[in-house]
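What the coordinates show
Now for the letters of each chain:
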Amino acid sequence: MTNRQAPQRLVVLISGAGSTMRAVLEASAEDAYGARIVGVISDKADAAGLDIAREAGIPTATVALADFPDRAAWDEALLKAIDVFAPDMVLCAGFMKLIGAPTLEAHGGRIINTHPALLPAYPGAHGVRDALANGAKITGCTVMLVDNGVDTGPILAQTAVEVRDNDTEDSLHERIKTVERALVAETVGRMARDGWTIDGRRVTLGKEGTA
């Protein structure tokens with residue numbers, strides 16, 4: 001990748017409350033963080049995270065699938081909305097749509113996502129439920145780069161979370177979310193400050209990974 005020169009321009013994609021986005025926003029209040037959120041895009045006009053962004057003075061946009069004749073048109077519209085902000089990095093923070101080919105082709109290798117399991121275990125929409133159903137004693141969260149699969153991109157960082165005997169899907173997910181928000185904020189900042197390189201399935205973070 002190219003050298004990272006702070007502050008990196010970060011666009012955040014959301015679908016809901018925006019708690020992960022808020023964690024990054026709070027971390028980026030420090031001058032040394034290395035990135036700043038320059039735009040927030042949602043696929044839902046009523047996403048609460050949009051209000052958080054507006055209160056912080058961050059421009060927002062909504063690209064709702066229902067407003068387009070088909071998924072291909074929506075994919076193109078999402079890319080156009082992202083490119084308005086000329087981002088260095090794109091973060092999917094609770095964004096409940098798969099990233100389409102236009103955005104992957106334009107921003108591949110710098111789109112970041114998070115998942116509530118220790119990938120490659122338990123990919124997909126029910127990572128927490130699947131870990132419980134399989135009797136896992138340890139699960140956690142993963143921050144990864146986005147590729148054209150479902151939770152299959154190169155792994156950037158992971159944190160483990162113990163599964164308790166009395167856990168429900170909700171209780172376990174809440175504990176995962178707590179560490180997930182911190183891990184996303186930490187990882188995005190490190191990438192922005194120090195860069196990263198991709199070698200197949202392996203990603204190196206930090207100054208030693210800067211091309």
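Throughout what follows, the structure given in this document is the object of discussion. These numbers were taken from a predicted model, which means no experiment stands behind them. (Residues numbered from 1 in each chain as written. Predicted model: local features only at pLDDT ≥ 70, side-chain atom pairs only at ≥ 80, totals over all residues. Heavy atoms only, no water.)

Quick look at the overall build of the chain
Secondary structure summary: the chain contains six helices and nine strands in total. Here the chain has a C-alpha radius of gyration of 17 Å; the compact-globule value for 211 residues is 17 Å, and the two agree. C-alpha atoms of the chain, sized along the principal axes, occupy 45 × 45 × 35 Å. Expressed as a percentage of its 211 residues, the buried residues of the chain come to 48%. Expressed as a percentage of contacts within the chain between residues at least 6 apart in sequence, the contacts between residues at least 24 apart total 63%. Of the roughly 10100 Å² that the chain leaves accessible, carbon and sulfur atoms contribute 50%. One finds the centroid of the 21 positive side-chain charges in the chain at a distance of 2 Å from the centroid of its 28 negative side-chain charges. (Helix = DSSP H or I, 4+ residues; strand = E, 2+ residues; numbered from the N terminus. Rg over C-alpha atoms; globule rule 2.2 N^0.38 Å. Buried < 20%, exposed > 50% of the residue type's maximum accessible area, 1.4 Å probe, protein only. Contact = heavy atoms within 4.5 Å. Areas by Shrake-Rupley, 256 points an atom, 1.4 Å probe, with all protein chains shown as cover. Lys, Arg positive; Asp, Glu negative; His and termini not counted. Charge placed at Lys NZ, Arg CZ, Asp CG, Glu CD.)

Examining the pattern of salt bridges
The full count for this structure, using the stated rule, is six salt bridges. For arginine 175, the salt bridge is made with aspartate 167, and the minimal N-O distance between the two is 2.8 Å. Pair check on accessibility: arginine 175 and aspartate 167 agree, each one buried. (Salt bridge = Lys/Arg side-chain N within 4 Å of Asp/Glu carboxyl O.)

Some points on unusual backbone geometry
At the junction of leucine 119 and proline 120, the peptide bond is cis and its omega measures out at 10° in the coordinates. Tracing the sequence through the fold places proline 120 in the loop between strand 5 (111-115) and helix 5 (127-133). One non-glycine residue with positive phi stands out, namely alanine 86, at about 45°. Assignment of secondary structure puts alanine 86 in the loop between helix 3 (71-83) and strand 4 (89-92). Given a relative accessible area of 47%, alanine 86 falls into the partly exposed group.

Quick notes on helix 6 (residues 169-194)
The end-to-end C-alpha distance of helix 6 is 36 Å, a good match for the 38 Å that 26 residues give at a rise of 1.5 Å each. Once helix 6 finishes, glycine 195 follows within two positions and takes phi at roughly 85°, a positive value. (Expected span 1.5 Å × (residues − 1).)

Any link to function would need more than the numbers given here.
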